[in-house]
Amino acid sequence: MKNVKVLGPGCSRCEATAQMVRDAAAELGLDVTVEKVTDYAAIAGYGIASTPGIVIDGKVVHAGGLPKPDDVARWLAA
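Residues numbered from 1 in each chain as written. Predicted model: local features only at pLDDT ≥ 70, side-chain atom pairs only at ≥ 80, totals over all residues. Heavy atoms only, no water.

Caption draft 1: Examining the side chain of K2 more closely. Secondary-structure assignment places K2 in strand β1 (residues 2–7). Given a relative accessible area of 17%, K2 falls into the buried group. In this structure, K2 is in contact with D31, V32, T33, I56, D57, L76 and A78, ignoring residues within four places of it in sequence. (Helix = DSSP H or I, 4+ residues; strand = E, 2+ residues; numbered from the N terminus. Buried < 20%, exposed > 50% of the residue type's maximum accessible area, 1.4 Å probe, protein only. Contact = heavy atoms within 4.5 Å.)

Caption draft 2: Quick look at the packing of helix α1 (residues 12–28) against helix α3 (residues 69–77). Two elements in contact, α1 and α3, have axes whose closest approach is 9 Å; the angle formed by their N-to-C orientations is 60 degrees. Here α1 is positioned oblique relative to α3, judged by the angle of their axes. The interaxial crossing formed by α1 with α3 has right-handed handedness. Residues M20, V21, A24, A25 and L28 of α1 pack against P69, V72, A73, L76 and A77 of α3. When its residues are assigned to classes, the contact of α1 with α3 shows 10 nonpolar, no polar and no charged. (Axes fitted to C-alpha atoms, helices over the stretch in contact; angles between N-to-C directions. Parallel < 35°, antiparallel > 145°, perpendicular 65-115°, else oblique. Left-handed = near helix turned anticlockwise from the far one by under 90°. Nonpolar A, V, L, I, M, F, W, Y, C, P; charged D, E, K, R; others polar.)

Caption draft 3: Local environment of α3. Within α3, burial applies to V72, W75 and L76. One side of α3 carries all its buried residues, which in axial view fall inside an arc of 95 degrees. Exposed residues on α3 whose side chains face more than 90 degrees from its buried face are D70 and A77. Buried residues along α3 sit against β1, α1, β2 (32–37), β3 (53–56) and β4 (59–63). (Arc of directions from axis to C-beta.)

Written as C-alpha coordinates, this is what we have:
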(Lines give C-alpha, C1' and ligand atoms only; values in the text may rest on other atoms or scores of the structure.)
Protein backbone atom coordinates (compact mmCIF):
# COMPACT_ATOMS: atom_id res chain seq x y z
CA MET A 1 0.00 0.00 0.00
CA LYS A 2 1.30 3.42 -0.94
CA ASN A 3 0.95 6.36 1.42
CA VAL A 4 0.14 9.59 -0.43
CA LYS A 5 -0.02 12.99 1.21
CA VAL A 6 -1.59 15.95 -0.55
CA LEU A 7 -0.16 19.12 0.93
CA GLY A 8 -2.17 22.34 0.85
CA PRO A 9 -4.65 24.55 2.68
CA GLY A 10 -7.72 22.75 1.34
CA CYS A 11 -8.26 24.93 -1.73
CA SER A 12 -10.06 23.66 -4.83
CA ARG A 13 -6.75 22.78 -6.51
CA CYS A 14 -5.75 20.70 -3.49
CA GLU A 15 -9.10 18.89 -3.52
CA ALA A 16 -8.77 18.27 -7.28
CA THR A 17 -5.25 16.91 -6.76
CA ALA A 18 -6.42 14.49 -4.05
CA GLN A 19 -9.22 13.26 -6.34
CA MET A 20 -6.74 12.89 -9.20
CA VAL A 21 -4.58 10.65 -6.99
CA ARG A 22 -7.59 8.52 -6.01
CA ASP A 23 -8.72 8.20 -9.63
CA ALA A 24 -5.26 7.23 -10.88
CA ALA A 25 -4.87 4.66 -8.11
CA ALA A 26 -8.25 3.13 -8.95
CA GLU A 27 -7.37 3.03 -12.65
CA LEU A 28 -4.10 1.27 -11.87
CA GLY A 29 -5.70 -1.07 -9.34
CA LEU A 30 -3.42 0.18 -6.56
CA ASP A 31 -4.25 0.32 -2.89
CA VAL A 32 -3.36 3.78 -1.57
CA THR A 33 -4.12 5.92 1.44
CA VAL A 34 -4.60 9.59 0.70
CA GLU A 35 -3.97 11.98 3.57
CA LYS A 36 -4.57 15.71 3.29
CA VAL A 37 -2.01 17.81 5.15
CA THR A 38 -3.22 21.35 5.81
CA ASP A 39 -0.87 22.44 8.61
CA TYR A 40 1.50 25.07 7.22
CA ALA A 41 4.38 24.00 9.48
CA ALA A 42 4.05 20.39 8.30
CA ILE A 43 3.90 21.51 4.66
CA ALA A 44 7.00 23.68 5.14
CA GLY A 45 8.73 20.68 6.71
CA TYR A 46 8.65 19.01 3.29
CA GLY A 47 10.29 22.07 1.74
CA ILE A 48 7.16 22.99 -0.19
CA ALA A 49 6.48 26.69 -0.70
CA SER A 50 3.82 26.38 -3.41
CA THR A 51 0.80 24.11 -3.12
CA PRO A 52 -0.62 21.68 -3.86
CA GLY A 53 2.19 19.29 -3.15
CA ILE A 54 2.26 15.51 -3.39
CA VAL A 55 4.37 13.23 -1.21
CA ILE A 56 4.41 9.52 -2.01
CA ASP A 57 5.92 7.18 0.58
CA GLY A 58 7.85 10.08 2.12
CA LYS A 59 9.25 11.47 -1.16
CA VAL A 60 8.12 14.83 -2.57
CA VAL A 61 7.14 14.25 -6.21
CA HIS A 62 5.26 17.47 -7.00
CA ALA A 63 4.84 21.04 -5.79
CA GLY A 64 2.81 23.95 -7.15
CA GLY A 65 -0.18 23.81 -9.46
CA LEU A 66 -2.26 20.92 -10.68
CA PRO A 67 -0.19 17.93 -11.76
CA LYS A 68 -0.83 16.20 -15.08
CA PRO A 69 -2.89 13.00 -14.72
CA ASP A 70 -0.22 11.02 -16.64
CA ASP A 71 2.42 12.18 -14.15
CA VAL A 72 0.26 11.14 -11.18
CA ALA A 73 -0.20 7.67 -12.68
CA ARG A 74 3.55 7.37 -13.34
CA TRP A 75 4.43 8.41 -9.77
CA LEU A 76 1.98 5.92 -8.29
CA ALA A 77 3.16 3.09 -10.52
CA ALA A 78 6.83 3.60 -9.59
